[in-house]
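As a plain string of letters, each chain reads:
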Amino acid sequence: MSFDIFFQTSRLSDQTEEAVNPFTGEVMQKPVGESLSPADRDALRELLTSHGATLPLDSNCYQFDFSDGSGFELFMDHLDSDADVSGGMAALRGLTTEILNVLYALAEAGNMVMLPAMEETRPLVTSREVADRVASRWPDVLILASAEELGAFLQKGFAGWEAYRDRVTGED
């Protein structure tokens, strides 16, 4: 069980195509042509390497382990190839300074939007440029100037997740 933050490229497309929703079987319109740029992908690869992210689980799960004992997993398909990558997901079990610094750096390096899975959420970005790029899809985007601001925003949602986790696991 984890507190999840979804990452989405800010390189959005107005083009759509028909696709079948795998959960409902209904035909829907989905965006096409949304992918990290080669520069975004290179910056993310460099960030992963500089933080010693490893691939212990499978080819799309990067494991981050920090000196304070914290860590998280980043699921991002095809980052190690030239295939299209539209985003990924970070699975957190803690919210430490080191984790927040890397999450912020990931969004910044990849020019990505962060979408935390929590009540009262908003799309989060690290620059005005990215906010302007995604405003048509997410007009309520919030620009964060630092990892500390990210932590302040996530704190209430993370506390709610911890309470839910403890209830489900019987650790109340």
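Above this text you will find the structure in question.
Below: a short report on this structure. Just so it is clear, the model here is predicted, and its values are computed rather than measured. (Residues numbered from 1 in each chain as written. Predicted model: local features only at pLDDT ≥ 70, side-chain atom pairs only at ≥ 80, totals over all residues. Heavy atoms only, no water.)

## Notes on the environment of threonine 97
Convention followed: Comment: elements are numbered from the N terminus, with helices defined as DSSP H or I runs of at least four residues and strands as E runs of at least two.
Structurally, the position occupied by threonine 97 is in helix H2 (residues 97–110). Expressed as a C-alpha distance, the spacing of threonine 97 and aspartate 68, which sit 29 residues apart in the sequence, is 9.5 Å.

## Considering the packing of helix H1 (residues 38–50) against H2
The following threshold applies: Working convention: axes come from line fits to C-alpha atoms, limited for helices to the stretch in contact. Angles between N-to-C directions cover 0 to 180 degrees. Every angle not falling under 35 degrees, over 145, or within 65 to 115 is termed oblique; those three ranges are roughly parallel, roughly antiparallel and roughly perpendicular. Residue contacts are defined here by distance: any two heavy atoms, one from each residue, within 4.5 Å place the two residues in contact. The classification used treats Ala, Val, Leu, Ile, Met, Phe, Trp, Tyr, Cys and Pro as nonpolar, Asp, Glu, Lys and Arg as charged, and all other residues, Gly among them, as polar.
Close contact between H1 and H2 brings their axes to 8 Å; oriented N to C, the two are set at 155°. Taken together, the axes of H1 and H2 lie roughly antiparallel to each other. Across from Asp40, Ala43, Leu44, Leu47 and Leu48 in H1, the residues of H2 making contact are Val102, Ala105, Leu106, Ala109 and Gly110. Broken down by class, the residue content of the contact of H1 with H2 amounts to 8 nonpolar, 1 polar and 1 charged.

## Observations concerning the pairing of strand E5 (residues 71–75)
Put simply, the rule reads: Pairing between strands is defined by DSSP: at least two bridges between them are needed.
Relative to E5, strand E4 (residues 61–65) is paired through 5 bridges, and the arrangement is antiparallel. Each bridged residue has a counterpart across the sheet, and for phenylalanine 64 the counterpart in E5 is phenylalanine 72. Two successive antiparallel strands, E4 and E5, enclose a turn made up of 5 residues, where glycine 69 displays a positive phi of approximately 90°. Pairing geometry for E5 and strand E6 (residues 87–92), over 4 bridges, is antiparallel. Within E6, the residue paired with phenylalanine 75 across the bridge is methionine 89.

## Structural notes on unusual backbone geometry
Here is the rule: For the exposure calls, accessible area comes from a 1.4 Å probe over protein chains only, and a residue counts as buried if that area is under 20% of its type's maximum, exposed if over 50%, partly exposed in between.
The backbone of asparagine 111 sits at a positive phi, close to 50°, despite the residue not being glycine. For asparagine 111, a relative accessible area of 18% gives the class buried. We note that glutamate 120 has phi near 50°; this positive angle belongs to a residue other than glycine. Take glutamate 120: it is sitting in the loop between strand E7 (112–116) and strand E8 (124–125).

## Considering H2
Keep this limit in mind: Here, expected helix span is obtained from the residue count minus one, scaled by 1.5 Å.
Spanning 14 residues, H2 covers 20 Å between terminal C-alpha atoms, matching the ideal 20 Å at 1.5 Å per step. All of the buried residues in H2 are Ile99, Leu100, Val102, Leu103, Tyr104, Ala105, Leu106, Ala107 and Gly110. One or two positions beyond H2, positive phi appears at asparagine 111, with a value near 50°.

## Quick look at a nonpolar patch on the surface
Defined as follows: Patch membership is restricted to residues that have no salt bridge and whose relative accessible area is over 30%. Joining uses 9 Å for like charges and 5 Å for the nonpolar side chains Val, Leu, Ile, Met, Phe, Trp and Tyr. Note on areas: these come from Shrake-Rupley sampling with a 1.4 Å probe, and a residue is covered only by the protein chains present in the view. Any Lys or Arg side-chain nitrogen found within 4 Å of a carboxyl oxygen on Asp or Glu counts as a salt bridge.
There is a patch of nonpolar side chains on the surface, built from Met1, Tyr164 and Val168 and spanning about 300 Å² of accessible area. Looking at the element boundaries, valine 168 is found in helix H4 (residues 147–169). Exposure remark for valine 168: the relative accessible area of 47% places this residue in the partly exposed category.

## Topic: the pairing of strand E2 (residues 16–20)
Alignment of E2 against strand E3 (residues 27–31), held across 5 bridges, turns out to be antiparallel. Residue pairing for E3: glutamate 18 is matched across the bridge by glutamine 29.

## Focus on the packing of H2 against H4
At a closest axis distance of 9 Å, the pairing of H2 and H4 adopts a crossing angle of 110°. Judged by the inter-axis angle, H2 sits roughly perpendicular to H4. Seen from H2, the contacting residues are Leu100, Asn101, Leu103 and Tyr104; seen from H4, they are Ala147, Leu150, Gly151 and Leu154.

## Things to note about the nonpolar core
Definition in use: Only buried residues count toward a nonpolar core, which is a set of Ala, Val, Leu, Ile, Met, Phe, Trp, Tyr and Cys residues joined through side-chain atoms within 4.5 Å.
Of all hydrophobic cores here, the largest spans 38 residues; its most connected members are Phe7, Phe72, Leu74 and Leu154. Of all the secondary structure elements, the ones that give two or more residues to this core are strand E1 (3–9), H1, E4, E5, E6, H2, E7 and H4. When residues in this core are grouped by element, the largest group, 8 residues, is from H2. Excluding residues that lie within four positions of it along the chain, phenylalanine 7 makes contacts with Leu74, Ser86, Gly87, Gly88, Ala90, Leu103, Leu106, Ala107, Met112, Val113 and Met114. With 7 residues, the next largest nonpolar core counts Val113, Ala131, Val134 and Trp138 among its residues.

Read these as geometric descriptors, not functional statements.
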